[in-house]
Each structure stands twice: as C-alpha cells, then as structure tokens.
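Chain and residue survey
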Amino acid sequence: MNGWRRRVHAPTDAAALAALIREAAREGRGLRIVGAGRWLDVGSPVDASDGITTTVLRGITAYNPADLTLSCGAGTTLAELEMATRAHDQWCPLLPWGDDLGTVGATAATATAGPFAERLGQPSTLVLGLECVDGTGRVIEAGGRVVKNVAGFDLTRLMIGAWGTLGVITQLHLRLRARPAVDRTMVLEAPISAEDAVTAFARGPYAPLALLRMDGGAVWAKMAGVVPATTEPGARRWLVRIGGNAQFVAAAQDALARLGRLTTVDGDAIWPLVRQHAAPRAGPGHWRWDALSRRLRERFDPQRVLNPGLLGAR
Amino acid sequence: MATLATALEQIVGAAHLLTRPPSLLVYRSDGLPGHRAIPSLAVFPGTRGEVVRVVRVLAEAGAPFVARGAGTGLSGGALADGIVLLGLHRLKGILAIDPDARTATVEPGVVNATLSKSVAPLGLHYAPDPSSQSACTIGGNIAENAGGPHCLKYGVTLDHVVRATVVLPDGEVMALDRGEGTGYDLLGAFVGSEGCFGVVLDVTVRLAPIPEGVITLLADFTSVRAAADATSRIIAAGILPGALELMDHATIEAVESSVYAAGYPRDAAAVLLAEVDGAVAGLDADAEAIERLCCEAGAREVRVARDAVERARLWQGRKKAFGAMGRVAPHLVVQDAVVPRTKLADLLEEIHAIGMRHDVRVCNVFHAGDGNLHPNIPYDADDPAESARVAEAMSEIMHRCIAVGGTITGEHGVGLDKLDYMPALFGADTLDAMCTLRDVFDPDRRANPGKVVPVRSCREWLAAPSARTH
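Residues numbered from 1 in each chain as written. Chains lettered and ligands numbered in written order. Predicted model: local features only at pLDDT ≥ 70, side-chain atom pairs only at ≥ 80, totals over all residues.

1. Some thoughts on the overall build of chain A
Helix and strand content of chain A: eleven helices and 14 strands. Relative to the compact-globule value of 20 Å for 314 residues, chain A shows a C-alpha radius of gyration of 21 Å, a close match. In terms of overall dimensions, chain A has a C-alpha envelope of 65 × 40 × 35 Å along the principal axes. Here chain A holds 314 residues, and 53% of them are scored as buried. Of the contacts formed within chain A by residues at least 6 apart in sequence, a portion of 72% connects residues at least 24 apart. (Helix = DSSP H or I, 4+ residues; strand = E, 2+ residues; numbered from the N terminus. Rg over C-alpha atoms; globule rule 2.2 N^0.38 Å. Buried ≥ 20, exposed ≤ 12 C-beta atoms within 10 Å, placed from the backbone. Contact = placed C-beta atoms within 7 Å.)

2. Considerations on the domain arrangement of chain B
In terms of domain boundaries, chain B breaks down into domain 1 (2-87), domain 2 (94-209), domain 3 (211-327) and domain 4 (329-425). The C-alpha centroid of domain 3 of chain B is placed 40 Å from the C-alpha centroid of domain 1 of chain B. (Domains from an automatic or database assignment.)

3. Focus: the sheet that holds strand β11 (residues 182-191) of chain A
Residues and elements named next belong to chain A. Spatially, the four strands line up as an open sheet ordered β12-β13-β11-β14, and their pairing is antiparallel. Two strands close off the open sheet at either side, each with one partner strand: β12 (210-214) and β14 (261-265). With direction set aside, neighbouring strand axes in the sheet form an average angle of 25°. As judged from the five bridges shared by β11 and β14, these two strands associate in the antiparallel manner. When the sheet's bridge partners are listed, Val-187 is paired in β14 with Thr-263. Lying over the sheet, helix α10 (residues 267-277) contacts β11, β12, β13 (235-244) and β14, oriented at roughly 70° with respect to β11. (Pairing = 2+ DSSP bridges. Axes fitted to C-alpha atoms, helices over the stretch in contact; angles between N-to-C directions.)

4. Quick look at the interface of chain B and chain A
Each partner contributes to the interface: chain B provides 64 residues, whereas chain A provides 53 residues. The set of elements that each furnish at least two residues to the side of chain B that touches chain A consists of α7 (186-190), α8 (224-236), α10 (283-296), α15 (422-425) and α16 (428-441) of chain B. The greatest single-element share of the side of chain B that touches chain A, amounting to eleven residues, is contributed by α16 of chain B. Considered class by class, the residues forming the side of chain B that touches chain A number 25 nonpolar, 26 polar and 13 charged. (Nonpolar A, V, L, I, M, F, W, Y, C, P; charged D, E, K, R; others polar.)

5. What about the domain arrangement of chain A?
All names here are of chain A. We note that the domain assignment places domain 1 (1-179) and domain 2 (182-277) within chain A. In this structure, domain 1 and domain 2 have C-alpha centres spaced 32 Å apart. Counting from both sides, the interface comprises eleven residues of domain 1 and, opposite them, nine residues of domain 2. In the side of domain 1 that touches domain 2, the residues fall into five nonpolar, two polar and four charged.

6. Details of the nonpolar core
Ranked by internal contacts, the top residues of the largest apolar core, which has 247 residues, are Met-159 of chain A together with Leu-86, Ala-219, Ala-230, Val-271 and Leu-272 of chain B. Dropping the residues within four chain positions of it, Ala-230 of chain B is found in contact with Ala-219, Leu-272, Leu-293, Cys-294, Ala-297 and Ala-299 of chain B. (Core = buried A, V, L, I, M, F, W, Y, C linked by C-beta atoms within 7 Å.)

7. Description of the packing of α8 of chain B against α10 of chain B
Residue and element names in this part refer to chain B. Across the interface, α8 lies against α10 with an axial gap of 9 Å and an inter-helix angle of 140°. Judged by the angle between their axes, α8 and α10 are oblique. Seen from above, α8 lies across α10 with right-handed handedness. Of the residues in α10, those in contact with Ala-230, Arg-233 and Ile-234 of α8 are Ile-290, Leu-293, Cys-294 and Glu-296. (Parallel < 35°, antiparallel > 145°, perpendicular 65-115°, else oblique. Left-handed = near helix turned anticlockwise from the far one by under 90°.)

Laid out in structure tokens, this is it:
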C-alpha cells in the first residue's frame with residue numbers, strides 16, 4: 001500500500017460511492033478508503049487496486065446553533081468544523097489526537113479520541129448519526145440528527161471505530177456543546193510528593209477538561225515555549241485545562257494553587273501542539289477476530305471490498 | 001412443549017417454572033397496557049450458569065424466547081406471545097465494586113436504584129435514572145439503552161457501560177467491550193438491542209461521584225410555549241443542567257390530585273423543573289442564570305427548593321407522574337419521541353390540537369433539555385372506540401415528530417409499539433442493514449422475534465424459503 005499508485009475515485013455523494021463499491025464487488029477489487037490521508041501508514045497492508053477519497057464530500061450541510069447539532073460531509077476537516085462552531089461560541093469537542101487537517105469522517109471511522117474525550121465525550125458519544133455505504137452498496141442512514149435516539153439497532157456505533165471495513169462514512173450528524181464561559185490553561189509545578197493530591201484533584205468536584213503530566217523534554221512543550229529556564233529539583237509539572245463559569249474556574253484555580261505554583265499559558269496555542277505531538281498511539285491494534293466480528297465482516301462486506309487486509313487477514 | 005418444560009425444570013427447579021395460564025397472566029403486559037400477550041411458559045433461572053444452560057436448551061429445541069427484567073418497559077418489548085419468557089429478576093448479585101476505577105460489576109436483575117444505594121457510602125452513584133428506577137433492572141436498562149432526566153448532562157446507559165458478558169441466542173458466551181482500538185464496538189451494538197441480540201449475564205458499569213452540590217428550581221409559566229422557550233434559552237446560554245423537565249397543565253393536575261402531590265401551582269399552564277449539580281462553586285451563578293432566563297421567557301415565579309426534603313418532593317411529582325395519571329383513567333399510553341429542541345414549542349401546540357381533534361386528553365411530561373417528548377394519554381384500553389381514537393392521535397403525533405426531523409423513540413425502545421413507524425423513519429437499505437446486524441448476533445432470530453424491525457423489511461429473510469411468520 002505504500003506504493004500509492006492507485007486509481008483514485010472521488011465520489012460526490014453516497015449514491016456514486018455505492019455504484020463504485022458494487023462495481024468493485026462484482027469485479028473482486030479492493031478499495032482503499034482515504035480521508036485526508038492521515039492514516040496511510042498504520043495497520044496491515046491493504047490489498048486494493050483502487051482508492052476512494054472522501055475529501056470532496058466536504059462542507060457543513062446543516063447547522064442550527066440553538067439545537068447544538070451540526071451535519072457535515074465526511075471529508076470536512078476538523079479545522080472547518082472548529083471555525084464554523086467557534087463563530088457561535090460552540091464546539092464539537094472531538095479535538096482528536098493529530099492535526100486539524102484530518103477529516104471528521106476519519107476521526108469517527110478510527111474512533112480517535114483526544115485529551116478531552118474523558119470529560120467532553122468520545123467520538124461514539126458525539127456522533128448522533130451518520131450516512132454510510134456498506135460493502136454490498138447499501139446506503140445506510142444510521143441513527144438520526146437529534147440528541148437522543150434509540151430507534152432500531154445501533155448501526156452508528158457499529159461504524160465508529162470500524163476503520164471503514166463495515167461501511168464508508170459519507171455524512172455525519174454531530175452533537176455540539178457550548179464553549180465554557182471561562183476556559184483557562186495553566187502549568188502547575190509541584191513537588192513529586194504532591195502527585196497523589198493532583199490525581200485526587202482531577203477526580204474531585206473541579207475535574208479539569210484535561211490534565212496531562214508534562215515531560216520537560218516533550219517536543220510540544222518546547223515548541224509552545226512552556227519549558228521554564230529552571231525547574232526546581234524534585235518538581236513535577238502538569239498541563240491543566242479548566243472550563244466552567246467564572247466562579248467555578250476561580251475556585252478550581254484556588255484549589256490548584258494550594259498544590260503548587262500556577263502559571264497561566266495560551267491554551268489556543270498549546271493544545272493543538274499537544275494533540276499533534278503527544279498522541280499516545282496510532283492505528284488499529286492487533287484486531288480481535290472473534291466469531292461475531294468475523295460474521296460482521298462477512299455480512300457487511302462479503303466480497304472484502306472495503307480496506308481489505310487493513311485489520312489483518314480479513 | 002412438555003419435553004422442553006421438563007428440560008427447563010431440571011435446570012431451575014419446579015418452583016421457578018410457570019406453565020399454567022393463570023400464573024402466566026402476570027406476564028401478559030409490560031408498562032404499556034395496550035399490548036397483551038401470554039407466554040407459553042416462563043422460566044426464572046437463579047444463577048448465571050442456569051441462564052446459560054436455559055439458553056442452550058432453548059437453542060437445542062429451536063425455541064424462540066423473550067428475556068425480561070422487571071417488565072417496566074414502555075414499548076411492549078418484553079412480551080412473549082405464545083413463546084418462552086426468560087425472566088432474569090432473580091439474578092440480583094452485585095459482584096464487584098471498584099471504588100478506584102469507579103465501576104461496579106452486577107448481574108442483570110439488580111434494580112437500578114439498588115445499585116445507587118449500594119455505592120452511596122462510597123460517595124458514588126449510577127447516573128442513568130429512568131423514572132422506573134425503583135423497580136427497573138440494569139439488564140433491562142442495557143436492553144433498552146435507557147435514559148432518564150439526568151441523562152441530559154450525564155449521558156444515557158451506553159455512556160456508562162464498560163463491558164458485559166452475554167450469552168448469545170445460540171448459547172455461546174461472549175465478553176463484549178467498546179472495541180478500544182482492537183475490535184469492533186460490539187458492546188455499542190448490543191446495548192439498546194432490545195433483547196434481540198442475546199442475554200446479559202453480567203455487566204460492568206461506570207459509577208459517578210455524587211455531586212458536591214445540587215440546586216433544584218421550579219419555574220411556572222402561563223403558556224407551554226413560554227416554558228419551551230425558556231428551555232431553549234437555558235441550553236443556548238451554555239448552561240448544562242443536570243436535568244431540565246417540563247410538565248404541562250394536564251400533568252400538573254394529575255400529579256396534584258394524587259398522593260404524589262408536589263406543590264406544583266395548579267393554575268400554571270406548564271412548569272419547568274431544572275436542576276444544576278456539581279461543584280458548589282459556580283452552582284449559584286448557574287441557578288441565578290436559569291432563574292433570569294426563565295423570567296425573561298415569561299415565568300410567573302421561580303422557586304428554589306430550600307432543602308433535600310423539598311427537592312425530593314419536587315422530583316417525586318415528576319418521577320411518579322405516570323403513576324399519578326392512573327387516577328385519571330385505568331390505562332395509560334406513554335409515548336416517547338425526540339425533536340430538535342427549537343421545534344418543541346410549535347410541536348407542543350400541534351400535539352394539543354391533535355388531542356382536541358381526536359377527543360383525547362394528552363398529558364405532556366418530558367425531558368425538555370433533550371427535546372425528548374413524552375405525550376401520554378390516559379384512556380380505557382377495554383373501550384375499543386376510545387382505544388382507536390388514542391391510536392390515531394398517537395400516530396399523528398409520531399408522524400409530526402418525524403416530519404420535523406425527530407425520531408420515534410429517545411429511550412423507551414421500539415418494541416412492538418413503534419414497529420409500524422420504523423419504515424417512516426428509515427429507508428429500505430437501512431432497515432435491511434439492521435436485519436443484517438441482528439443476524440450477526442442471532443442468525444435464527446429466536447431472541448425476541450418480531451420486535452424492533454418489521455420482518456417485511458428484511459430482504460434476505462423474506463427471500464429464504466423457511467421464512468417464518470413471527
């Protein structure tokens with residue numbers, strides 16, 4: 001797959017994609033599914049003659065800020081999503097590991113979370129519904145556009161994190177949240193002995209949006225210029241992001257200040273660097289092909305058209 | 001059937017097997033009295049091992065079955081029509097509690113509220129809180145992906161489930177999780193599958209810390225539109241309340257005339273029950289903002305619960321509203337639809353008009369913050385003419401919800417009750433894909449047959465020469 005010399009198709013809607021998939025299934029060809037190309041070097045080699053790019057399935061198709069929901073094409077970049085929602089003081093806090101040129105579709109297909117997922121939601125929580133095409137060419141409208149929905153069997157959760165092997169995502173309906181009134185990122189420097197207290201803080205009533213232990217040598221810390229000239233011996237540092245109303249943030253800050261020295265830093269500059277350079281891992285792990293998973297693959301992509309080989313033998 | 005009964009009796013003992021129609025009558029409906037069906041027999045295993053053995057005996061016999069928890073469901077989903085009913089309420093074990101990881105592993109028959117009570121001494125609780133939480137079981141919650149008032153902030157059942165051990169309808173025992181980068185999200189597919197994918201043996205759920213502070217407010221309005229408008233303003237302002245519930249005049253009347261009287265103003269067109277919770281710092285500001293936004297939307301008065309007793313009373317009225325409607329008529333149809341929040345006000349007016357047109361009394365009590373409507377109609381299920389009017393009104397209401405971009409169920413499930421609306425909501429390919437997903441878990445379609453997806457939507461199923469009628 002590293003020799004990227006495939007015919008690449010750029011279907012403009014789900015129907016066109018379905019036609020391509022049905023044709024490939026008839027001819028026994030595999031298709032490599034690609035968004036912005038951020039995941040080409042992970043997983044096992046894909047045995048595909050052709051490529052499908054979702055990048056033309058791009059743009060926000062519905063956004064009603066008062067409903068806190070948004071629909072967009074799978075090829076929409078995270079940067080576009082961020083820009084559109086920021087204008088209304090909202091966000092879709094996917095904010096996954098990686099850069100903002102990645103697509104929303106790939107974020108869902110790979111179930112890539114980020115440093116805020118624990119507090120603000122995993123991709124599977126933030127995606128309310130999606131449109132996809134499975135390996136038999138069925139155009140599936142999974143889930144819905146409203147914030148709560150249990151109608152029918154959950155095809156949305158099935159597609160999230162399936163790496164495109166059960167269906168190619170073409171459209172997504174997302175849950176948005178209002179940005180916190182006050183959003184502050186700080187560096188906490190405290191003695192190593194304070195580590196338990198810091199952990200307790202993170203589990204307490206002032207649970208931060210993210211709390212990350214900083215390694216002085218981390219690339220992102222250097223790039224962001226948050227490595228101090230001198231660090232006291234035996235000191236440890238954390239990057240903390242607190243969000244909430246003014247009273248909440250002030251109280252959280254007071255609690256943190258009791259643990260060590262606090263310095264406010266530029267969150268808008270530092271978090272994109274953290275997401276790019278501090279990602280814990282990348283790509284699918286050794287895939288678990290139990291009986292159910294094998295049947296899923298057999299039934300949703302019987303001809304092995306979608307990313308064949310990416311998750312191992314199947 | 002006699003041999004099947006004998007085989008099952010050998011597993012569970014005669015005391016836990018019902019075969020005679022009079023004793024089976026108990027199971028003829030769930031929380032929705034409009035649907036009635038009597039199982040051929042009912043079996044109640046007492047251990048996880050017995051559940052597996054029962055399911056294997058059913059598999060060998062090719063016998064279809066319906067799993068059932070407390071039977072509080074509101075979709076007719078737990079009805080067994082002439083087939084085996086597999087009751088799980090005896091599996092009440094809380095197997096493990098891990099305060100550090102904030103998880104609990106429980107058997108499916110554990111009652112929702114019992115779990116929260118058991119972990120309260122550790123400062124923890126189980127967040128999803130269906131109104132039936134004093135009776136409904138965790139296993140049933142998993143089957144329905146149950147919600148509740150506090151799901152607005154804390155998420156529905158799926159958001160709180162870490163892993164589960166299940167027995168598939170063919171008798172195979174599987175451990176399911178969310179995939180975690182090394183597998184498909186099998187647990188995500190299983191939760192909310194309404195008993196069609198298998199039976200939960202044990203489940204590990206997330207526990208949340210009990211909030212440091214809680215403020216509960218009651219705002220009263222002279223129009224439903226103003227209450228709906230207040231809801232939109234609160235959400236748009238970026239406040240995420242723990243819960244935001246709306247009750248209309250008909251509901252207030254029913255509650256205030258019952259033993260659950262909560263002190264709601266009887267002359268209000270609607271009340272909004274709002275709760276903010278979390279760290280004490282910042283709560284006042286959120287509560288004040290809610291009060292201000294309600295007043296701007298036209299609230300007559302906003303009351304703040306002074307203490308835990310008053311808070312519990314305000315909530316009792318909400319949580320027992322369905323019960324209170326029992327005074328109005330012998331039966332109650334509870335509906336469950338979700339619409340975009342901004343459509344709430346228009347839709348509530350339409351629902352009122354639909355009720356008037358069909359001469360039925362619609363009581364609205366619902367999760368306004370989620371746009372999750374519960375239009376309920378008290379009626380007499382034994383009166384065919386009234387039942388027909390209720391069915392027509394409900395059908396109209398549901399089609400209006402679909403038309404404005406909503407869905408037919410936010411937390412109660414499709415079951416039997418909403419089967420007919422599925423083709424209005426999903427296209428043929430999507431329904432067919434749902435059938436495919438069911439086939440992955442239950443190729444023989446013996447688990448809760450005939451529910452969730454209309455059989456006629458399943459192409460392969462129809463094409464098969466052995467296609468069954470159920």
